[in-house]
Amino acid sequence: MLLSSVGRSSLRLRAAPRESYIEISNYIRGRRTGLLSTVRNRPQQFGQFHAQQRLYEQPHIDSSRQPFLEQYKNAVEFPRATYDFRTFLSEASLGQEVVLHGYLGNRADLSKKLSFVRLTDPTMRHNIQIVASAKSGAFEKLKSIATNSPVAVRGIVQQKKGSKSERDAPDTEKIEAWEISLEDIHALNDFPKDIIMTSETVFPPEQRYLHLRTDRDLREALRFRAQVRNICKEELDQSQPPFVEIETPLLFKSTPEGAREFLVPTRRRGMAYALPQSPQQYKQILMASGIPRYYQFARCFRDEDLRADRQPEFTQLDLEMSFATGEDVMTTIEGVIRKLWSTLMKEPVPSGPFRRMSYQEAMRRYGSDKPDTRIGMEISPIDYLLPVDLISKITPLMDPIVEVFKFEGNDNDPKETQRFITEFLDSPAGAPFNNNPEGGPGIFIYDAKKPLCGLQPFGFEAAERIEDMLEPDHGDLIVLQARKRAPFSGGSTPMGDLRRALHTASVEKGFKPAATGFDFFWVVDFPLFSPSTDAEPGQGGAAGISSTHHPFTAPKTAADVDMLLTDPTQVVADHYDLVVNGVELGGGSRRIHDAKVQEFILRDILKMPPERLADFSHLLEALRAGCPPHAGIALGFDRLVAVMLGKESVRDVIAFPKTGKGEDPMVKAPTPMTEESLETYHLRLRDE
Ligand code: ASP
């Protein structure tokens, strides 16, 4: 394909104004340094931009000499690319004239008359070499364009004579087999001298765009995320009956569903929307509306503790099915996971159906409701074996439960184990365990060279029983931990946390290899209610209990329904969490589809005040209108992508994540409310 005449003529235009632009831009930079101190690779202050604008606005600048406008006009009329890079690489032929877009790389001047420069394509996945000789009119033009500037290049395709070192170069550096002999080049924007950008530069979150631009891995993660989304969509669209993708409102209302909400004040005095913590209520109402299967990639907003790698806004793959139970939902999700693994992952496709583990079993064996089952270290109760004086040494609690697990050492070397565990307990990661008011961990190194192999404090009999039970090897750790004798509640026990933290530290320190593979399973049979805590707003009821999942989750069996009247704390929920490798990928439940039962739970079990109960009247009305039984789930989409890519943090799969403080340092959100906006929303800030 040949360059269009528009492209050619615009390429031939305007080399001259550029020099004057550089003069002006140097002048501005000079002024700027006088106005504000510039720090390299620090985000530009707002003031800098304004300073620049103010400068342009100053009347002494002759409006006929505003070269940035000339340069901009040049960019407005930039030539179309004749090819994207991929098509170019497969279809271009020798001697052909082409126009390509991309970013200019570093230039190597081989002589005064010959330069090489790399052009990186707009996807930043391919590089091609541009050869410029002084014979070409574009030679000087090329030299005036800064590295990293976006450009349009016109040239003739020729075969590249690749050197061995280039052929062996890493992927990101690889240059393709064709090269372009430069005919013309068109700068589409400048790249400023005050930004130093190499592939090694680490940019702060304020400059996320530069981080994205230099971090191929991060850009690939965003591409991968889009693929994951497409495959989920494909799988759900194709099921029978198909799921219907439906958007539900983001301007919702405040309801005590469980998490703390973000309010959106309106101009109507005293009136506010709330952003949805999930589309839960709308999707249930869809089930009452004759939509049999719904899904959505839903943005959710929760104003909660962000320590555990959470974001105040995040994405869920949210779905709901009518005339269905939890079994149908679990089968559907297993299908989605299998499809994702078979399409995008190298690891074996998880064979189904995924196994089930009750909440009680997960907490008992692993001290966690989302255990990483790949790492061993199963927990067992041991207090019945221990001498009283040993128990009193590890806990101030009377009649505690004491549990034990074995942590395998390395190379049967007790000294290595000793070094590792001492370092761990002295590190910040160890602090919460040492400072546990119920007693720190009791740690013993199994050492065949010591009396009773280092288990002397257990006494002869208990030591022998422990050996039978745990079969320790020379250099292994035996870890004890006490806790109150009380039913499990919440997501983990200190022993479960210790198990996890020890494993993480051992991998970080290179003491143990990281666990591999994916072990999917469902955690089921959660308690329907848990004791209320200060950390979670719950439903604000007066009963001292809150819904473990959310207040719309159904009791599991008829016997559980009966137990609502006798002992609600014993009721088992029809709630299921999908867990893989210590990560809760998502959770869902069968819902209460009967309005009277739903109202009974809210009013009589949770003891919600009438005005908060009234917040749910829309849902109760919809259930009352002959709503069919239904069940659903939401997968944390950010987390799913992070798990698939083996990323530690969801921030690595989100284009513009918020910090641990819930801030976006790039756009500087949130911002203080101005007097004007306070007035608009009829608000006044309370004196502290
Ligand atoms: N709405 C629930 C949540 O966000 C998921 C569900 O029950 O479908 O956790």
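Up top is the structure these notes are about.
Residues numbered from 1 in each chain as written. Predicted model: local features only at pLDDT ≥ 70, side-chain atom pairs only at ≥ 80, totals over all residues. Heavy atoms only, no water.

Enquirer: Whenever I open this one, the overall build of the protein confuses me. Can you help?
Expert: On a plain count of helices and strands, the protein comes out with 23 helices and 21 strands. Taking contacts inside the protein between residues at least 6 apart in sequence as the whole, the part at least 24 apart equals 69%. Total accessible area computed for the protein in this model is approximately 35,200 Å², and 53% of it derives from carbon and sulfur atoms. (Helix = DSSP H or I, 4+ residues; strand = E, 2+ residues; numbered from the N terminus. Contact = heavy atoms within 4.5 Å. Areas by Shrake-Rupley, 256 points an atom, 1.4 Å probe, with all protein chains shown as cover.)

Enquirer: Can you help me understand the sheet that holds strand β4 (residues 150–159) in this one?
Expert: In a beta sheet, neighbouring strands are held together by backbone hydrogen bonds and run either parallel or antiparallel to one another. Taken in spatial order, the five strands of this closed barrel run β1-β2-β3-β5-β4, and their pairing is mixed. On average, each strand axis in the sheet is inclined to that of its neighbour by 50°, with strand direction left out of account. (Pairing = 2+ DSSP bridges. Axes fitted to C-alpha atoms, helices over the stretch in contact; angles between N-to-C directions.)

Enquirer: Which parts of the structure should I look at to understand the site of the ligand?
Expert: Contacts to the ligand come from 13 residues, most closely from Gln280, Lys283, Arg302, His550 and Arg591. Take His549: an N or O atom from its side chain is 3.4 Å from an oxygen atom of the ligand. One nitrogen or oxygen atom from the side chain of Arg591 is found 2.7 Å from an oxygen atom belonging to the ligand. Relative to its unbound accessible surface of 270 Å², the ligand loses 90% to contact with the protein. The set of elements that each furnish at least two residues to the shell around the ligand consists of α10 (280–287), β20 (583–590) and β21 (630–636). Here the shell around the ligand takes three residues from β21, the largest share from any one element. Residue composition of the shell around the ligand, grouped by class: two nonpolar, eight polar and three charged. (Near = heavy atom within 4 Å. Polar contact = N/O pair within 3.5 Å; in protein donor to acceptor, adjacent residues only side chain to side chain. Nonpolar A, V, L, I, M, F, W, Y, C, P; charged D, E, K, R; others polar.)

Enquirer: Whenever I open this one, the pattern of salt bridges confuses me. Can you help?
Expert: Two side chains bearing opposite charge may form a pair once their charged atoms approach each other closely. Inspection of the entire model under this criterion finds 39 salt bridges. Residues Lys339 and Glu234 are paired through a salt bridge, measuring 3.4 Å at the closest nitrogen-oxygen approach. One end of the pair, Lys339, is in helix α11 (residues 326–344); the other, Glu234, is in helix α9 (residues 216–238), with 105 residues separating them in the sequence. The salt bridge involving Arg639 is made with Asp309; its shortest N-O contact spans 3.9 Å. Here the residue Arg639 occupies a position in helix α22 (residues 637–645), and Asp309 occupies one in the loop between β9 (293–301) and β10 (313–322), the gap between them amounting to 330 residues. Linked by salt bridges that have partners in common, Lys283, Asp318, Glu320 and Arg591 make up one network. (Salt bridge = Lys/Arg side-chain N within 4 Å of Asp/Glu carboxyl O.)

Enquirer: Please explain unusual backbone geometry as it appears in this structure.
Expert: Excluding glycine, most residues fall at negative phi; most peptide bonds, likewise, are trans. In this model, Gln240 is joined to Pro241 through a cis peptide bond whose omega is -10°. Within the element layout of this structure, Pro241 appears in the loop between α9 and β6 (244–245). Of note, the phi angle at Asp411 is positive, near 55°, even though the residue is not glycine. Structurally, Asp411 can be placed in the loop between β13 (401–407) and α14 (414–426). Although it is not a glycine, Asp525 sits at a positive phi angle of roughly 60°. Locating Asp525 in the fold gives a position in the loop between β16 (520–524) and β17 (529–531). On the basis of relative accessibility, which here comes to 25%, the residue Asp525 falls in the partly exposed class. (Buried < 20%, exposed > 50% of the residue type's maximum accessible area, 1.4 Å probe, protein only.)

Enquirer: What is the right way to read the packing of aromatic side chains from this model?
Expert: Aromatic ring pairs are defined here through the distance separating the ring centres and the angle between the ring planes. Applying the stated rule across the entire model yields 17 aromatic pairs. Seen in terms of ring centroids, Phe552 and Phe616 are 5.5 Å apart; in terms of plane orientation they differ by 80°. Their pairing is edge-to-face. Of the two residues, Phe552 is situated in the loop between β18 (545–547) and α18 (558–566) and Phe616 in the loop between α20 (610–614) and α21 (617–624); the sequence distance between them amounts to 64 residues. For Phe552, a relative accessible area of 0% puts it in the buried group. The structure contains a cluster of three or more aromatic residues connected by ring pairs, namely Trp341, Phe354, Phe518 and Phe520. (Phe/Tyr/Trp six-rings, centres within 6.5 Å; stacked < 30°, edge-to-face > 60°.)

Enquirer: Would you mind showing me how to read the pairing of β9 here?
Expert: As a general feature of sheets, a regular strand has side chains that alternate between the two faces. With eight of nine residues buried, β9 is to be regarded as a mostly interior element. Across two bridges, β6 lies against β9 in parallel orientation. Bridged to Val244 within β9 is Tyr294. Bridge count between β9 and β10: nine bridges; the pairing is antiparallel. Across the sheet, residue Phe297 finds its bridge partner in β10, namely Leu317.

Enquirer: Would you take a moment to explain the sheet that holds β13 for this structure?
Expert: Strand order in the open sheet formed by four strands is β12-β13-β15-β14, with antiparallel pairing between adjacent strands. One side of each edge strand has no neighbouring strand; the edge strands of this open sheet are β12 (380–381) and β14 (442–445). Here β12 runs beside β13; their pairing, made up of two bridges, is antiparallel. When the sheet's bridge partners are listed, Ser380 is paired in β13 with Val404. In the packing of α14 onto the sheet, contacts are made with β13, β14 and β15 (477–483), and the angle to β14 comes to roughly 160°. Here helix α16 (residues 459–470) sits on the sheet in contact with β12, β13 and β15, set at roughly 55° to β13.

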